[in-house]
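# Examination of the molecular architecture
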Amino acid sequence: MTRRVVVTGIGLVSPLGVGTEATWQAALQGRAGVAPITLFDASAHSTRFAAEVKGFDPLQWIERKELKKCARFIQFAIAAAHMAVDQSGLVIDEATRDRVGVSIGSGIGGFEVIEREHRTLLERGPDRVSPFFILSAIVNLAAGQVSMRFGARGPNTAVATACTTGAHAVGDAYRLIQHGQADAMICGGAEAAISPLGIAGFAAMRALSQRNDDPARASRPWDADRDGFVVGEGAGVLVLEEAEAAARRGATVLAELVGYGMSGDAHHVTAPPPDGNGVARAMRAALDDAGLRPEAIGYVNAHATSTPLGDRAEAMAIAGVFGGHAASLAVSSTKSMTGHLLGGAGALEAGLTVLALRDQVAPPTINLDRCDLEVPLDLVPHVAQPRPMTCAITNSFGFGGTNASLIFARA
């Protein structure tokens, strides 16, 4: 028999705010976190805006001497992990540390460090490359740094599955607890790819919006005038615990994680099948895992990134999976406000989904002025909607055709 898994802590660092409640309240208000790029001079780029994390001071969580070992994505992960563990009240000591693990991934890792050290190599020679370059850039060092900070000696892993990373990291942590390999997991995703090469690379694929004259309205999932996604940055981290262990220590349970589904498109490196069958199979797998009928779901936090093909395919999948219940769902894309955090998106959105259940309200899809879908879905345009909901699902999909869905139940 598998064990039940609950959420006891959430940490969010996002373009909407540094902190879980700051992010959540901004989302409920429908605020956009998208603005002109300040992290570098983007004047020569075709896209000159992004969803940056503003007002982030890593010294609140990391000692100055340690910063040279921590790329920006690691800094975000450490901060979000501290927030999540603090909220959970989880005590990690000699008696528990071997049963507490870390599962934090990133789609790209220390992109800005890679760029900086490559410039150093070309301009100043190989002897001037930092000895901390590799240690601050590789994907698994977010999980490694978090484990060392908390003394968590259980399973330690880092997922790198493009934009599905955060959801897979949470789902994998769920499985480890379910099957008895850990009693608690600090899990999620982090990304910081707003750099000259990162923006140029996505722009070269024609994947980015170029609404430079109105960046706050650039991320517009399902809108007829959408022209690409907006790169975001930040981190989402959850503390998951075995339900009985959490109850014994009197933890406040925010939600229960009840279902996890995965699938592969086997179709195209960037585009989903037009009918969204990979997305649909991930959602059905999550429903089967949870033992739930589609009618049990009240809210869908959609992956919808503001790209024509992806938004439409996911909507088709939702309509197919939920059938006659689809019109009764609240379906929103919080990426309309946060931009797309790439490897951090799934974990940030898992956190927002738990908060939607906690407060019984669906956050809005902003900038949705002219929906171009042919399926009848309530996409929560512009304004948050109070909604009675028992269960909610969040979707994440990535390049290479990798898909994941997570289902949370109200505490």
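Before reading further, recall that the structure is shown in the block above.
Residues numbered from 1 in each chain as written. Predicted model: local features only at pLDDT ≥ 70, side-chain atom pairs only at ≥ 80, totals over all residues. Heavy atoms only, no water.

### Digging into the nonpolar core
In this structure, Ile-10, Leu-238, Leu-240, Leu-406 and Phe-408 are the most contacted members of the largest nonpolar core, which totals 45 residues. No other element matches the 8 residues that helix H12 (residues 345-359) contributes to this core. If we skip the residues at most four places from it in the chain, Ile-10 touches Thr-20, Met-83, Ala-84, Gln-87, Val-237, Leu-238, Leu-254, Gly-351, Val-354 and Leu-355. Residues Ile-78, Phe-150, Ala-184 and Ala-192 belong to the second largest nonpolar core, which totals 39 residues. (Core = buried A, V, L, I, M, F, W, Y, C linked by side-chain atoms within 4.5 Å. Buried < 20%, exposed > 50% of the residue type's maximum accessible area, 1.4 Å probe, protein only. Helix = DSSP H or I, 4+ residues; strand = E, 2+ residues; numbered from the N terminus. Contact = heavy atoms within 4.5 Å.)

### Points about the packing of aromatic side chains
Per the stated rule, a full pass over the model turns up 3 aromatic pairs. Taken together, a centroid distance of 5.6 Å and an interplanar angle of 10° make the contact between Phe-56 and Trp-61 stacked. Take Phe-56 and Trp-61: they sit in the same class, and that class is buried. With 5.4 Å between their ring centres and 75° between their planes, Phe-202 and Phe-229 make a pair best called edge-to-face. Of this pair, Phe-202 sits in helix H7 (residues 196-204) while Phe-229 sits in the loop between H7 and strand E8 (234-242), and the two are 27 residues apart along the sequence. Note on Phe-229: relative accessible area 5%, which makes it buried. A connected cluster of aromatic rings, assembled from ring pairs, spans Phe-56, Trp-61 and Phe-76. (Phe/Tyr/Trp six-rings, centres within 6.5 Å; stacked < 30°, edge-to-face > 60°.)

### Focus on the pairing of strand E10 (residues 297-301)
Burial analysis of E10 places 5 of its 5 residues in the buried class, which makes it a mostly covered element. As judged from the 4 bridges shared by E10 and strand E14 (residues 391-398), these two strands associate in the parallel manner. Looking across to E14, one finds that Val-300 is bridged to Ile-393. Across 3 bridges, the pairing between E10 and strand E11 (residues 330-332) is parallel. What sits directly across from Val-300, in E11, is Val-331. (Pairing = 2+ DSSP bridges.)

### Some words on the packing of helix H9 (residues 277-290) against helix H10 (residues 308-322)
The relative placement of two packed helices comes down to the angle between their axes together with the axis-to-axis distance. Packing of H9 against H10 leaves a shortest axis separation of 8 Å and a crossing angle of 40°. As summarised for this structure, H9 and H10 are arranged oblique, according to the angle between their axes. The element H9 and its partner H10 pack so that their crossing is right-handed. Contacts from Val-279, Ala-280, Met-283, Arg-284 and Leu-287 in H9 reach Glu-314, Ala-317, Ile-318, Gly-320, Val-321 and Phe-322 in H10. (Axes fitted to C-alpha atoms, helices over the stretch in contact; angles between N-to-C directions. Parallel < 35°, antiparallel > 145°, perpendicular 65-115°, else oblique. Left-handed = near helix turned anticlockwise from the far one by under 90°.)

The quantities given are spatial measurements derived from coordinates; they are silent on function.
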